Amino acid sequence: MLMPKKMKYRKQQRGKRRGLAYRGSEIVFGKYALKAQGNGWVSARQIEAGRRAITRYIRRGGQVWIRVFPDKPITSTSAETPMGSGKGAVDHFAAVVRPGKIIYEMDGVPFDVAKEALRLASHKMSVKTSFVYKEE
């Protein structure tokens, strides 16, 4: 799974999940892409599950680019822990996704294959997404 090699600080605050994605909102590498329509966190497990769904469907053809990286540590405490016992340990990592952010890009496969592969990947995401493609 994806995770940072090292971090300046081990734990982070949640932050605000509002605004639009200005960086990473255009198709750069491929022809087809999966674009986020809502705010949220996409965990490293979800990113990997989407990648596996895409690569399984397209078999060995085509190329896939992952445009998000899970660099936000998400902490959790065990159930029934009383208040005042501090912040929990890092549980997993997530990528902050805002509306307009490209999550995956593809190239080297036909339109209908790319659309179906990215549809399968969209079911793994915790944010609403849409299929977009570059006009030639």
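Computed from a predicted structure; not experimentally measured.

The rules behind these values
Residues numbered from 1 in each chain as written. Predicted model: local features only at pLDDT ≥ 70, side-chain atom pairs only at ≥ 80, totals over all residues. Heavy atoms only, no water. Buried < 20%, exposed > 50% of the residue type's maximum accessible area, 1.4 Å probe, protein only. Helix = DSSP H or I, 4+ residues; strand = E, 2+ residues; numbered from the N terminus. Pairing = 2+ DSSP bridges. Salt bridge = Lys/Arg side-chain N within 4 Å of Asp/Glu carboxyl O.

Peer 1: Would you explain the pairing of strand 2 (residues 40–43) in this entry?
Peer 2: Within a regular beta strand, the side chains point alternately toward one face of the sheet and then the other, so they alternate between its two faces. The side-chain alternation of strand 2 yields two buried faces, one formed by Gly 40 and Val 42 and the other by Trp 41 and Ser 43. Pairing of strand 2 with strand 5 (residues 89–97), which is carried by four bridges, proceeds in the antiparallel orientation. Pairing of Val 42 across the sheet is with Ala 95, part of strand 5.

Peer 1: Please clarify how the pattern of salt bridges should be interpreted in this entry.
Peer 2: Working definition: two side chains of opposite charge can pair if their charged atoms are close together. Within the structure shown, the criterion is met by three salt bridges. The partner of Arg 51 in a salt bridge is Glu 48, and the shortest N-O contact between them spans 2.7 Å. A residue pair is termed a helical-turn pair when its members lie 3 or 4 positions apart in one helix, as Arg 51 and Glu 48 do in helix 1 (residues 44–58) at three residues. When its relative accessible area of 26% is taken as the criterion, Glu 48 is described as partly exposed. Arg 67 is the salt-bridge partner of Glu 105, the closest N and O atoms lying 2.3 Å from each other. Separated by 38 residues along the polypeptide, Glu 105 in strand 6 (residues 102–107) and Arg 67 in the loop between strand 3 (63–66) and strand 4 (72–76) bring together distant segments of the chain. Accessibility expressed as a relative area gives 0% for Glu 105, which makes it buried.

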